[in-house]
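# Architecture at a glance
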Amino acid sequence: MKVAVVGATGLVGTKMLQVLAERNFPVTELIPVASEKSVGKEVEYQGKKYKVVSMTDAIAAKPAVALFSAGGSTSLEWAPKFAAAGITVIDNSSAWRMDPTKPLVVPELNADILTATDKIIANPNCSTIQMVVALNPLHKKYGIKRLVVSTYQSVTGTGVKAVDQLMNERNGIQGEMAYKYPIDLNVIPQIDVFLDNGYTKEEMKMVNETKKIMRDDAIRVTATTVRIPVMGGHSESVNVEFAQDFDLNEVRSLLSSAPGVVLVDDPANAQYPMPKDAHEKDEVFVGRLRRDESQPNTLNMWIVSDNLRKGAATNAVQIAEYLQQKGLLSR
């Protein structure tokens, strides 16, 4: 199968190539795509070098599927052109996520909504993906009424420029700034731009995407998203109010058997999920499970995942795998 990776030279695009190789996706021909200034550069995939091509050349090559990680404006312009050529686009930007005509997919939850006619499929926000993977088995059992989430997000979510800023600051080097403020020895309570309601776009993504993916508009969500000086993955403190009461041992059992979830919850031995342990892994790690003693039917939990993998690249490849296994790709 011909596979295009759009944004192949970026952090997520590079991770997509890695994950495609690791998971043995049936790539017969790789078509790496990037901005005009990167055309002609080479990327390596499974020991072979491939030249980066332009968008137009990629469409002409007629891949079966194109994994996009090149930003919202690029996706808005080019995804429909790929789709018009019969190519299935799995897009990692926010461009199509809340479009009611486009599926927003986390395979563990809602891959069943996909059909052969879906030519633009949205990959959710990284922080939303890990949260809903952990919450899905609990929602099925107890019914989620309200979520309060605070995130502690890796600089890798911003990209190479942010990683460089952090490492430059750590090494006392003056360099280009991805953020308005220093990130080393600091936290920045702003991810993306502020909206009229005082929340950031990242916070409202978590609110709106959660409802769409979980197919339940009645779930109330409020979020605070924060950038911290780490690189292994995103962490989240989540307070979940359920419609029904729960048993903590049953919660542990549900999470232990949930697809894509690893339970790390042994406070007596200081065992809990941390970004450094999630780094380069595809699972969502959950721990610090405890009842909220301030109100009934409410659980506190800590959720960690590698934002470049399950939060982006792996989720996109899993969507492609589902489409391929179900015969939903055109070629």
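The structure this text deals with has already been given above.
Residues numbered from 1 in each chain as written. Predicted model: local features only at pLDDT ≥ 70, side-chain atom pairs only at ≥ 80, totals over all residues. Heavy atoms only, no water.

### Remarks on the packing of helix α5 (residues 126-142) against helix α8 (residues 248-256)
As a reminder of what qualifies: All axes are obtained by fitting lines to C-alpha atoms, using only the stretch in contact for helices, and the reported angles, taken between N-to-C directions, cover 0 to 180 degrees. Every helix listed is a DSSP run of H or I at least four residues long, and every strand listed is a run of E at least two residues long, numbered separately from the N terminus. Relative orientations are named as follows: roughly parallel for angles under 35 degrees, roughly antiparallel for angles over 145 degrees, roughly perpendicular for angles from 65 to 115 degrees, and oblique for any other angle. Crossing handedness is read from the near helix: turned anticlockwise from the far helix by less than a right angle, it gives a left-handed crossing, and turned clockwise, a right-handed one. Contact criterion: two residues are considered in contact whenever any of their non-hydrogen atoms come within 4.5 Å of each other. Residue type decides the class: Asp, Glu, Lys and Arg count as charged, Ala, Val, Leu, Ile, Met, Phe, Trp, Tyr, Cys and Pro as nonpolar, and the leftover types, Gly among them, as polar.
Taken N-terminus to C-terminus, the directions of α5 and α8 make an angle of 130 degrees; their axes are 9 Å apart at the nearest point. In this view, α5 runs oblique relative to α8, as classed from their interaxial angle. Handedness of the α5/α8 crossing: right-handed. Residues A134, P137, L138, K141 and Y142 of α5 form the contact with α8, whose own contacting residues are E250, V251, L254 and L255. Here the contact of α5 with α8 is composed, by residue class, of seven nonpolar, no polar and two charged.

### Topic: the environment of P107
Residue placement: P107 occurs in helix α4 (residues 107-110). Sequence separation between P107 and A134 is 27 residues; the distance between their C-alpha atoms is 13 Å.

### Digging into the sheet that holds strand β1 (residues 2-6)
Spelled out, the test is: We treat two strands as partners when DSSP finds at least two bridges between them.
In space, the five strands of this open sheet follow the order β2-β1-β5-β6-β7, with parallel pairing throughout. The strands lining the two open edges of the sheet, one partner per strand, are β2 (29-33) and β7 (120-122). For this sheet, the mean inter-axis angle between neighbouring strands, taken without regard to orientation, is 20 degrees. By the bridge criterion, four bridges tie strand β5 (residues 65-68) to strand β6 (residues 88-91) in an arrangement that is parallel. Bridge pairing in β6 places L67 opposite I90. Across the face of the sheet, helix α10 (residues 309-325) comes into contact with β5, β6 and β7 while running at roughly 155 degrees to β6.

### Re the sheet that holds strand β12 (residues 284-291)
The sheet built from six strands is open, its strands ordered β9-β8-β10-β13-β12-β11 with mixed pairing. Each edge of the open sheet carries a strand with a single partner, namely β9 (220-227) and β11 (261-263). Averaged over all neighbouring strand pairs, the angle between strand axes comes to 20 degrees, with direction disregarded. The sheet contact formed by strand β10 (residues 234-242) and strand β13 (residues 298-305) spans eight bridges and is antiparallel. Looking at β13, one finds that S235 is bridged to V304. Its contacts with the sheet place helix α7 (residues 201-213) against β8 (144-153), β9 and β10, and it is angled at close to 145 degrees to β9. Across the sheet, α8 is in contact with β11, β12 and β13; its angle to β12 comes to roughly 175 degrees.

### Re the pairing of strand β4 (residues 48-51)
Of the strand pairs in this sheet, strand β3 (residues 42-45) and β4 are connected by four bridges, and their pairing is antiparallel. Across the sheet, the residue bridging to V43 is Y50, located in β4.

### A word on the side chain of T210
The criterion, for reference: Here a polar contact means two N or O atoms within 3.5 Å. Within protein one must be a hydrogen donor candidate and the other an acceptor candidate, and residues neighboring in sequence count only if both atoms are side-chain atoms.
As for its position among the elements, T210 is in helix α7. A polar contact is formed between the side chain of T210 and the backbone oxygen of M206, at a distance of 2.5 Å. For T210, the contacting residues outside a window of four places in its chain are T128, M131, V132, L147, K205 and V221.

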